[in-house]
Amino acid sequence: MDTSKEAIVGWCQEYLANLLEVPAASIDPATDFDRLGVDSALAVALLIEVEERYGVDLSPEDLYENPTLDAVADYLHEQTSRNVA
């Protein structure tokens with residue numbers, strides 16, 4: 001599985017677009033989750049999917065500290081790189 005930042009951002013965009021029922025291209029990876037319309041239920045769904053897909057336990061606190069797709073992708077890329085090494 002591709003764990004590059006770009007691949008993670010793309011997957012997250014597709015996943016959130018599906019949940020929000022909007023085109024993936026309309027989700028700006030640099031926009032805060034609250035501005036995208038991601039509420040706590042959607043955030044929890046994202047956390048669960050991230051853990052299943054990437055094997056990284058992303059806590060609600062981690063999501064709060066990384067409030068954009070770009071930040072989450074950086075975090076996940078770092079964690080998956082660390083797990084492989």
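The structure we're discussing is the one just above.
Reading the values: rules and limits
- Residues numbered from 1 in each chain as written.
- Predicted model: local features only at pLDDT ≥ 70, side-chain atom pairs only at ≥ 80, totals over all residues.
- Heavy atoms only, no water.
- Core = buried A, V, L, I, M, F, W, Y, C linked by side-chain atoms within 4.5 Å.
- Buried < 20%, exposed > 50% of the residue type's maximum accessible area, 1.4 Å probe, protein only.
- Helix = DSSP H or I, 4+ residues; strand = E, 2+ residues; numbered from the N terminus.
- Contact = heavy atoms within 4.5 Å.

Asks: How should the nonpolar core be read in this particular structure?
Replies: Soluble globular proteins tend to pack their nonpolar side chains together in the buried interior. If you look at the biggest cluster of nonpolar residues, it comprises 26 residues, and the most contacted ones within it are Phe33, Leu46, Leu63 and Leu76. Counting only elements with at least two residues in this core, the list comes to α1 (5-20), α2 (33-36), α3 (40-54) and α5 (69-84). Sort the elements by how many residues they give to this core and α1 lands first, with 7 residues. What phenylalanine 33 contacts, discounting residues up to four positions off in sequence, is Leu16, Val38, Leu46, Leu63, Asn66, Pro67, Thr68, Leu69 and Val72.

Asks: Explain the side chain of threonine 68 to me, please; I cannot follow it from the model alone.
Replies: Following the sequence through the fold, threonine 68 ends up in the loop between α4 (60-65) and α5. When its relative accessible area of 11% is taken as the criterion, threonine 68 is described as buried. What threonine 68 contacts, discounting residues up to four positions off in sequence, is Pro29, Ala30, Thr31, Asp32 and Phe33.

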